[in-house]
Amino acid sequence: MSNEPIENNPEKKYSLYFDKNKKKIITFFLSIVVILCLVGIFNSYKKKQEIKISENFNKAIIHIENKNLEIAKEDLNAIVMSKHQFYSPLSLNLIIDNKLEKNIEIIKLFDELINSNIEQEKIDLIRIKKALFVMDEEFKDDKGKTKEEIILQTLKPIIKTDSIWKRSSLKILRDFYLISDQKNKAKEFENLLINIPK
């Protein structure tokens, strides 16, 4: 049996293959273990960050209720800057609702979220909120842009796509021009609205 050729003896065949490729096999399995460990560490880190952001958001709400507005503002700004999918837009809403920042700073926070890696539909919704905010407020841009320029620049990326928010963007622009007594421009956006299927 010991004189049997290697081709006929699978045990010897695998043993010889293992001996020949021992370093490659060990490296492969060690790589898998290291990758699994790194994924576990990364997931643990992300989970801790999620918990920390959640706790900071809850603390900010408590600070607002206790009229510690400056501390709440710092916490909420930090959460917006973290560009978290859920808590950053909520934090911006709290900043706006409680008038914790000047209008120009709120616009900068809107822009931070718009330029983040939040999912596209949420970014489009943030764009709409920014346009409505600018439309609603007495507003002067630090770059000399008019309300109209800011609103157009904000909503144009939505209008160019098939976003679910396209129709709402066109309505906002139509209404802005109606309020501004620019009936011809309002009519342009009304015509665009008519051509979009409901």
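Refer to the structure printed above.
Keep in mind that this is a model prediction, so the values were computed, not measured.

Caption draft 1: Here's a closer look at the packing of aromatic side chains. The full count for this structure, using the stated rule, is 6 aromatic pairs. Here Phe28 and Phe29 contribute two aromatic rings whose centre-to-centre distance is 5.3 Å and whose plane-to-plane angle is 75 degrees, an arrangement assigned as edge-to-face. Between Phe176 and Tyr177, the ring centres sit 5.3 Å apart and the planes meet at 65 degrees, which makes this aromatic pair edge-to-face. For the pair formed by Phe176 and Tyr177, the shared burial category is buried. Among the aromatic residues, those joined into a ring-pair cluster are Phe57, Phe86 and Tyr87.

Caption draft 2: The arrangement of the packing of helix α3 (residues 69-82) against helix α4 (residues 87-97) in detail. Put simply, α3 and α4 touch, their axes get as near as 8 Å, and they point 145 degrees apart. You can see that α3 and α4 cross each other, and the crossing is left-handed. Contact with α3, carried on its side by Leu76, Asn77, Ile79, Val80 and Ser82, involves Tyr87, Ser88, Ser91, Leu92, Leu94 and Ile95 of α4 and no other residues of that element. Looking at the contact of α3 with α4, its residues break down into 7 nonpolar, 4 polar and no charged.

Caption draft 3: Region of the structure containing the packing of helix α6 (residues 120-136) against helix α7 (residues 147-159). Put simply, α6 and α7 touch, their axes get as near as 9 Å, and they point 165 degrees apart. Judged on the interaxial angle alone, α7 and α6 are roughly antiparallel. In this structure, the crossing between α6 and α7 has a hand that is left-handed. Two secondary-structure elements touch here, α6 through Asp124, Arg127, Ile128, Lys130, Ala131, Val134 and Met135 and α7 through Lys147, Ile150, Ile151, Gln153, Thr154, Leu155, Pro157 and Ile158. Its residues placed into classes, the contact of α6 with α7 shows 9 nonpolar, 2 polar and 4 charged.

Rules used throughout
Within each chain, residues carry numbers counting from 1 in the order of the written sequence. For this predicted model, a pLDDT threshold of at least 70 governs which residues receive local features, and a threshold of 80 or more governs which side-chain atom pairs are given and counted, while totals over whole chains, interfaces and linings are taken from all residues. Remark: hydrogens and water are excluded; side-chain values derive from all non-hydrogen atoms of the structure. Aromatic rings from Phe, Tyr and Trp, with only the six-membered ring used for Trp, were paired whenever their centres fell within 6.5 Å, and each pair was classed as stacked if the ring planes differed by under 30 degrees, edge-to-face if by over 60, and tilted otherwise. Burial classification: accessible surface area is computed with a 1.4 Å probe over protein chains only, and a residue below 20% of its type maximum counts as buried, one above 50% as exposed, and the rest as partly exposed. Angles shown run from 0 to 180 degrees and are taken between the N-to-C directions of axes, each axis being a line fitted to C-alpha atoms and, for helices, limited to the stretch in contact. Helix numbering and strand numbering both begin at the N terminus, where a helix is a DSSP run of H or I of at least 4 residues and a strand a DSSP run of E of at least 2. Should the near helix be turned anticlockwise from the far one by less than a right angle, the crossing is termed left-handed; should it be turned clockwise, right-handed. Whether two residues are in contact is decided by their heavy atoms: any pair within 4.5 Å suffices. Under the convention adopted here, Pro, Cys and the residues Ala, Val, Leu, Ile, Met, Phe, Trp and Tyr are nonpolar, Asp, Glu, Lys and Arg are charged, and Gly plus all remaining residues are polar. Working definition: roughly parallel below 35 degrees, roughly antiparallel above 145 degrees, roughly perpendicular at 65 to 115 degrees, and oblique for all remaining angles.

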